[in-house]
Amino acid sequence: MKAGACHILVKTEKEAQQLKAQLDKGANFQQLAKKHSLCPSGKKGGDLGEFSPGTMVKAFDNVVFKKDILTVHGPVKTQFGFHLIKTLYRS
């Protein structure tokens with residue numbers, strides 16, 4: 001199985017919740033990722049490309065490979081910070 005996903009990585013759960021509230025009101029995921037994400041993928045709108053299970057940390061994988069696609073999930077805590085994760089597809 002493979003999946004494509006994008007994410008926004010921030011330092012605090014509060015910041016992640018504020019961004020999620022903006023997304024819930026229709027804000028553009030890619031624009032928020034470019035502006036706020038601490039991950040280098042932010043420059044590409046948070047796009048992580050395609051990957052297989054086990055490539056990302058477990059908490060991240062659990063969202064990408066088990067939760068609804070095209071829905072923003074999070075905040076998801078990892079050792080890197082707090083993520084908002086949107087799975088684009090699974091194949």
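Above this text you will find the structure in question.
What this report covers is the structure whose coordinates are included nearby. Given the structure is predicted, the values throughout are model-derived calculations rather than measurements.

1. Some points on the nonpolar core
And then number 1: C6, I8, V10, A16, L19, L23, F29, L32, A33, V72, F82 and L84 form the largest nonpolar core, which has twelve residues in total.
And then number 2: Looking at this core, the elements that each hand over two or more residues are strand 1 (3–10), helix 1 (13–24), helix 2 (29–36) and strand 4 (81–90).
And then number 3: With residues up to four places along the chain from it excluded, the contact list for L19 reads I8, V10, L32, H36 and L84.

2. Regarding the state of the cysteines
And then number 1: Under the definition given, this model contains zero disulfides.
And then number 2: Looking at C6, it has no disulfide partner, and the nearest cysteine sulfur is the one in C39, 11 Å off.

3. As for unusual backbone geometry
And then number 1: In this model, G74 is joined to P75 through a cis peptide bond whose omega is 5°.
And then number 2: Looking at the element boundaries, P75 is found in strand 3 (residues 72–78).
And then number 3: Notably, L70 is not glycine yet its phi reads approximately 60°, a positive angle.
And then number 4: For L70, a relative accessible area of 56% gives the class exposed.

4. Some thoughts on the pairing of strand 3
And then number 1: With five bridges joining them, strand 3 and strand 4 adopt antiparallel strand pairing. Among the inter-strand pairings, H73 is bridged to a residue of strand 4, identified as I85.
And then number 2: From the end of strand 3 to the start of strand 4, which pair antiparallel, there are two residues.

5. What to know about the environment of K25
And then number 1: For K25, the position within the fold is in the loop between helix 1 and helix 2.
And then number 2: The exposure class of K25 is exposed, given its relative accessible area of 76%.
And then number 3: When the C-alpha atoms of K25 and N62 are compared, they prove to be 25 Å apart, with 37 residues separating the residues in sequence.

6. Focus: the sheet that holds strand 1
And then number 1: Here we have four strands laid out as an open sheet, ordered 2-1-4-3, and antiparallel in their pairing. Either end of the sheet is taken by a strand with one partner, and the two such strands are strand 2 (47–51) and strand 3. Sheet twist, expressed as the mean angle between neighbouring strand axes with direction ignored, is 35°.

Quick notes on the rules
Residues numbered from 1 in each chain as written. Predicted model: local features only at pLDDT ≥ 70, side-chain atom pairs only at ≥ 80, totals over all residues. Heavy atoms only, no water. Core = buried A, V, L, I, M, F, W, Y, C linked by side-chain atoms within 4.5 Å. Buried < 20%, exposed > 50% of the residue type's maximum accessible area, 1.4 Å probe, protein only. Helix = DSSP H or I, 4+ residues; strand = E, 2+ residues; numbered from the N terminus. Contact = heavy atoms within 4.5 Å. Disulfide = S-S within 2.5 Å. Pairing = 2+ DSSP bridges. Axes fitted to C-alpha atoms, helices over the stretch in contact; angles between N-to-C directions.

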